[in-house]
2 protein chains.
Amino acid sequence: MTATATRSTYHHGDLRAALVTAANAMLEEGQPLSLRALARRAGVSPTALYRHFADKEALESALAVQGMRDLFADLTAGRPGRNGTAGPAMPSTRKEVIELGVRYVRFALRRPELFKLMFGRECDVENDERVRAAAALHDHLAAVMAQVFPDANADDLATAGWGLAHGLAFLHLDGKLPKDKPRAVDRRVRAAYAAILPTTN
Amino acid sequence: MTATATRSTYHHGDLRAALVTAANAMLEEGQPLSLRALARRAGVSPTALYRHFADKEALESALAVQGMRDLFADLTAGRPGRNGTAGPAMPSTRKEVIELGVRYVRFALRRPELFKLMFGRECDVENDERVRAAAALHDHLAAVMAQVFPDANADDLATAGWGLAHGLAFLHLDGKLPKDKPRAVDRRVRAAYAAILPTTN
DNA sequence: GTGCTATGTTTGCAGTGTTAACTTCGCACC
DNA sequence: GGTGCGAAGTTAACACTGCAAACATAGCAC
């Protein structure tokens, strides 16, 4: 199947990357992330992993950080440079802010196990890379909000906008809101944002 | 200590209740909920639990259901029968809706492990008691919203209000938003709601 | 008193994360 | 170009987990 190819060399080459790839695959398949199963999948002994990660949490942290990057890219990509700026344009309308929320929830539902790993655990350290990634997300959102709702407190609005997306994502993930087709979920998210978000001017 | 009293009788009397109590205590103390540790704590053999719960998930489900009741009580209690109705009055102002969110987040931060147990797992079955409890919460909130914001779609607004509280709760729990003193958290929650929630005419 | 049955216990299994001691081998160095 | 050193992988073992099967106890109906 995947990378279970029984290698001939004693040393693996790039086990760390292989482990991350295999781990992501396991998450994608909804399997519980067990180090032994992971090692089996990578065709390596159960403890080889410890040469590359301090412990299980370190591995999960690495996965989470990459996940944060993916999420951030997901949120900022797709709308090629409009309104004169270089690179992807920031959302500049209320509608686009709502679509940001839709994308956030979509990401969570598309990669649920990864999303839970990114958020559903307390990241221990204060100056963790994951915390910084979270702060980056918040800052970006605040910049967007400042542009779209110039009269409101952008920071508070960013917290609210993020909180709402995050809550809707988790409520859907855990089956507290009806788990219907993606389209229906999109609609519900849009409706929620539309109902609560201030109207521009 | 707790209920570790080495009993004299072979039969326990009410082991089920004792297990639930002990489990809640362990959650409260932030200890990982292990069946063996739980049994030790109740002064009983490691597998005695299986006479009262099908498996670990059944126990967790029981805890979660009670937690939902507590949360619901927390949200509906405290404001003795105003505006003529029997029983506790429903929130009828924008400010009171915001306080609902504050209470929700407070509950999550006061009993974090229980809260994660209530929400952080997918409840398996479709017609699970937990799902019904969630629906009840949503309905109650919709009724509140209908009263406070008669012009808006109450259902969408309920989804949004719940989603926001839920997201803020989890973001705080997982350290994605600064984990300062309860007062500061209260303020942040209020600010977020105030920034995003429509004003009543 | 005699069984029946609900409740608890003992034993054991398969799985988990993790450490310690050992093996293999790529690569820098004289 | 052999030599050794250290990075990378292995094996064995430990303590822990949830859980099933077989067994022991005792309250309660008859």
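Residues numbered from 1 in each chain as written. Chains lettered and ligands numbered in written order. Predicted model: local features only at pLDDT ≥ 70, side-chain atom pairs only at ≥ 80, totals over all residues. Heavy atoms only, no water.

You'll find chain A entered in an unreviewed UniProt entry as TetR family transcriptional regulator, with Knoellia remsis given as the organism.

(A) Region of the structure containing helix 1 (residues 15-28) of chain B. Spanning 14 residues, helix 1 of chain B covers 20 Å between terminal C-alpha atoms, matching the ideal 20 Å at 1.5 Å per step. All buried positions along helix 1 of chain B are accounted for by Leu15(B), Ala18(B), Leu19(B), Ala22(B), Ala23(B), Asn24(B), Met26(B) and Leu27(B). (Helix = DSSP H or I, 4+ residues; strand = E, 2+ residues; numbered from the N terminus. Expected span 1.5 Å × (residues − 1). Buried < 20%, exposed > 50% of the residue type's maximum accessible area, 1.4 Å probe, protein only.)

(B) A look at the interface of chain B and chain A. Contacts between chain B and chain A engage 38 residues on the former and 38 residues on the latter. Taking both partners together, chain B and chain A bury about 2900 Å²; carbon and sulfur atoms supply 68% of that area. Connecting chain B to chain A are 0 salt bridges. Across the contact surface, chain B and chain A share 2 residue pairs in polar contact (both at pLDDT 80 or more). At the level of secondary structure, the elements contributing two or more residues to the side of chain B that touches chain A comprise helix 5 (112-119), helix 6 (129-148), helix 7 (154-173) and helix 8 (182-196) of chain B. With 14 residues, the single largest contributor to the side of chain B that touches chain A is helix 7 of chain B. (Contact = heavy atoms within 4.5 Å. Buried area = accessible area lost by both parts, 1.4 Å probe. Salt bridge = Lys/Arg side-chain N within 4 Å of Asp/Glu carboxyl O. Polar contact = N/O pair within 3.5 Å; in protein donor to acceptor, adjacent residues only side chain to side chain.)

(C) Molecular detail of the relation of the copies chain B and chain A. Mapping chain B onto chain A calls for a rotation angle of 180° and an axial translation of 0.0 Å; the resulting RMSD is 0.1 Å. As the rotation angle and translation indicate, the two copies are arranged about a two-fold axis. (Least-squares fit on C-alpha atoms with pLDDT ≥ 70 in both.)

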